Amino acid sequence: MKYYSTRHMAPNASLQEAVIKGLAPDRGLYMPEKINRLPAEFFNEIGNLSLTDIAKIVAEKFFGDDMDKEKLNAIVSEALNFDIPLKKVEEEIYVLELFHGPTFAFKDVGARFMSRMLSHFVQEQHHENVKVLVATSGDTGSAVANGFLGVEGIQVFVLYPSGKVSEIQEAQFTTLGQNIVALEIAGTFDDCQALVKSAFVDEELNKKMYLTSANSINIARFLPQSIYYFYAYAQLAKQQLEDNVVVAVPSGNLGNLAAGLFAKKMGLPIKRFIAANNRNDVFFQYLSTGNYEPRTSIQTIANAMDVGAPSNFERILDLYNQSHEAIKQDISGNTYSDAEIKNTIRTVYEKTGYLLDPHGACAYQALKDGKKPDETGVFLATAHPAKFKETVEECIGSAIEIPDRLSAFMRRKKQSHLLSNDFNLFKKTLFNVS
Ligand SMILES: *Cc1c(COP(=O)(O)O)cnc(C)c1O
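Residues numbered from 1 in each chain as written. Predicted model: local features only at pLDDT ≥ 70, side-chain atom pairs only at ≥ 80, totals over all residues. Heavy atoms only, no water.

## Digging into the overall build of the protein chain
Applied cut-off: Runs of E in the DSSP output that reach at least two residues are strands. Runs of H or I that reach at least four are helices, and both are numbered from the N terminus. Using C-alpha atoms as the atom set, the radius of gyration is obtained and then compared with a globule rule of 2.2 Å times the number of residues to the power 0.38. Exposure categories follow from relative accessible area, calculated using a 1.4 Å probe and restricted to protein chains: below 20% of the type maximum is buried, above 50% is exposed, and the middle band is partly exposed. Residues count as neighbours in contact if any of their non-hydrogen atoms are within 4.5 Å of one another. Accessible surface is estimated by sampling points in the Shrake-Rupley manner with a 1.4 Å probe; for residues, cover comes only from the protein chains shown. For this count, His and the chain ends are skipped, Lys and Arg are scored as positive, and Asp and Glu as negative. Every charge is mapped to an atom, namely NZ of Lys, CZ of Arg, CG of Asp or CD of Glu.
Summing up its helical and strand segments, the protein chain has 20 helices and 13 strands in all. The C-alpha radius of gyration computed for the protein chain amounts to 21 Å, which stays within 12% of the reference 22 Å derived for 434 residues, consistent with globular compactness. Counting across all 434 residues of the protein chain, residues that qualify as buried make up 60%. Of the contacts formed within the protein chain by residues at least 6 apart in sequence, a portion of 74% connects residues at least 24 apart. Accessible surface for the protein chain amounts to roughly 17700 Å². Of this, 45% is attributable to carbon and sulfur atoms. Averaging the locations of the 45 positively and 52 negatively charged side chains of the protein chain gives two centres separated by 2 Å.

Dropping the structure here:
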């Protein structure tokens, strides 16, 4: 299968090229030229299938032309080796918990999948000296670092602003060792991002090594996220609850939502989606007015959704042939302030005992406000509440437990290279640390 750029100014790419490059040369996002539908029999049977069974079938529809089936199955089994349970929160409202992976956030799914697929392609091509560069303000760095930990043939550099990420987040990417190098930059997140961008265009570096990124625009990180929408539906089908399903998605860069839309285009009978925004509501405004007006992000308590110019918006436009009308038929939205998010965390906990994190809380509330009486609602919980301990404890007025696997990171020894934001120093480090 070939992949085209959403900007249509770059040549079509093979899967290998799209995965190794990430962004298309015209700065567009890669899209598969065909979306394969799944047959009706699959959906009739889906309630009897396991997560791994479903993942193998869906992954084959995407990547089956370009990879050996056994290899692909091995990638799927390794990438999705944790539970994604669907739980009932209250009448007609279910939560799909996407946070049981190594860093307790949904990005683990895509990061693990991408690491295995990239490793496969660089080995197949005999590429040496492959380095993944990630600038992070917190969550992406930990998911990518843990996703690539121990993966053969690839070294990962995580650049983060010194003193500006939470203790838990920092521990998740500075204590790993092996092929993961943490670069603590005396500067801001923007400085980190600028260093990464400069590296990608530096001639000398690109002559001596393969540099790639691992952000959510990469097709190998983005597409596998479709899988758990099928699994959510399967768990509803098992209980004969599969009619009129509406799914609410906490949205930032819109990768998660766009993956759900892909699942629908493959035939998954989800009736419609609800996009939940915090105060960074560029997408909500687009739904309301038809105008897309990116702007600088503002800080909120659901900080993984603090995005002012969502990168996967281009993919959604492309999927719907740029039609605002068509997009509105499938997606509605809503937006919430920090005060509203906190109120949701508190009242849901008091009424049901279910503990939400700030991102999941946006999705819960958007579902509650947007679900019609004949619909079965599912919202995606994208992070474990313990990752936002202070906020959550303030909302519910009592202490919460930190899972052992999460606190274990905090007990390990931090290893990082402290650097200024000087590009030449960064470049030297890329050459010297191995
Ligand atoms: C990244 C992230 C999101 C936003 O997902 P997008 O695919 O960027 O829309 C939501 N919640 C959490 C916890 C995240 O880490």
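## Looking at the pattern of salt bridges
Which entries qualify depends on this criterion: A pairing counts as a salt bridge when a side-chain nitrogen of Lys or Arg comes within 4 Å of a carboxyl oxygen of Asp or Glu.
This model, assessed by the stated rule, comprises 18 salt bridges. The partner of glutamate 184 in a salt bridge is lysine 414, and the shortest N-O contact between them spans 3.2 Å. Placement of the pair is glutamate 184 in strand E7 (residues 180–185) and lysine 414 in the loop between helix H19 (404–410) and strand E13 (417–419), with a sequence separation of 230 residues.

## Things to note about the packing of aromatic side chains
The line we're drawing: Geometry of aromatic contacts follows a simple scheme: Phe, Tyr and Trp rings, the Trp one being its six-membered ring, pair when their centres are within 6.5 Å, and the pair is stacked under 30 degrees between planes, edge-to-face over 60, tilted otherwise.
In this structure the tally under the stated criterion is 17 aromatic pairs. On the numbers, 5.9 Å between centres and 50° between planes, the contact of phenylalanine 62 with phenylalanine 63 is tilted. Owing to a relative accessible area of 5%, phenylalanine 62 belongs among the buried residues under this scheme. Both rings, one in phenylalanine 63 and one in phenylalanine 113, keep their centres 5.8 Å apart while their planes meet at 35°; by these two values the pair is tilted. Taken as a pair, phenylalanine 63 in helix H3 (residues 51–63) and phenylalanine 113 in helix H5 (residues 107–124) lie far apart in primary sequence, 50 residues in all. Pair check on accessibility: phenylalanine 63 and phenylalanine 113 agree, each one buried.

## Digging into H3
Applicable threshold: Residue count minus one, scaled by 1.5 Å, sets the expected span of a helix. To be clear, the arc concerns the directions from the helix axis to the C-beta atoms.
With 13 residues, H3 should cover 18 Å at 1.5 Å per step; its first-to-last C-alpha distance of 18 Å lies within 8% of that length. Inspection of H3 places Leu51, Ile54, Ala55, Val58, Ala59, Phe62 and Phe63 among the buried residues, and these make up the whole buried set. One side of H3 holds all its buried residues, which, seen down the axis, span an arc of 135°.

## A short note on the sheet that holds strand E12 (residues 376–381)
Put simply, the rule is: The criterion for strand pairing is that DSSP finds at least two bridges linking the strands in question. Only the stretch in contact is used when a helix axis is fitted, and all axes are lines through C-alpha atoms; the angle between N-to-C directions ranges over 0 to 180 degrees.
The 6 strands are arranged E3-E4-E12-E9-E10-E11 in an open sheet whose pairing can be described as mixed. The sheet is open, and its two edges are formed by strand E3 (86–90) and strand E11 (331–335), each paired on a single side. Neighbour-to-neighbour, the strand axes of this sheet turn through a mean angle of 25°, independent of strand direction. With 4 bridges joining them, E3 and strand E4 (residues 93–97) adopt antiparallel strand pairing. For leucine 86, the partnering residue across the bridge sits in E4 and is leucine 96. Along the sheet face, helix H13 (residues 282–289) touches strand E10 (270–277) and E11 and points at about 125° away from the line of E11. Helix-sheet contacts for helix H17 (residues 358–370) involve E3, E4, strand E9 (245–250), E10, E11 and E12, and the interaxial angle to E12 is about 165°.

## Examining the site of the ligand
To keep things clear, this is the line we draw: Each residue is tested against the molecule or strand, and it is near if at least one of its non-hydrogen atoms lies within 4 Å. Two N or O atoms count as a polar contact when they lie within 3.5 Å, although within protein this holds only if one can serve as hydrogen donor and the other as acceptor, and sequence-adjacent residues are included solely when both atoms are side-chain atoms.
Lining the immediate environment of the ligand, one finds 15 residues, of which Lys107, Gly252, Asn253, Leu254 and Thr382 sit closest. Asparagine 256 places a main-chain nitrogen or oxygen 2.9 Å from an oxygen atom of the ligand. Threonine 382 is positioned such that a nitrogen or oxygen atom in its side chain is 2.8 Å from a nitrogen atom of the ligand. Bound to the protein, the ligand loses 97% of the 380 Å² it would expose on its own.

## So, the layout of surface pockets
We count it as follows: Definitions used for this entry: grid spacing 1 Å over protein atoms alone; cavity, a set of points where a 1.4 Å probe fits but cannot get out; pocket, an open set with protein on both sides within 12 Å along at least 5 of 7 lines; lining residue, one with an atom within 4 Å of a point. Grid points are joined across faces, edges and corners, and a volume is the space filled by probe spheres set on the points. Asp, Glu, Lys and Arg are counted as charged, while Ala, Val, Leu, Ile, Met, Phe, Trp, Tyr, Cys and Pro are counted as nonpolar; the rest, among them Gly, fall into the polar class.
The computed volume of the second largest pocket comes to approximately 150 Å³. Those elements that place two or more of their residues in the lining of the second largest pocket are helix H7 (167–174) and E7. Ranked by residue count, the leading element in the lining of the second largest pocket is E7, at 3 residues. Classifying every residue of the lining of the second largest pocket by side-chain character gives 6 nonpolar, 8 polar and no charged.

Shape descriptors only; they carry no functional weight alone.
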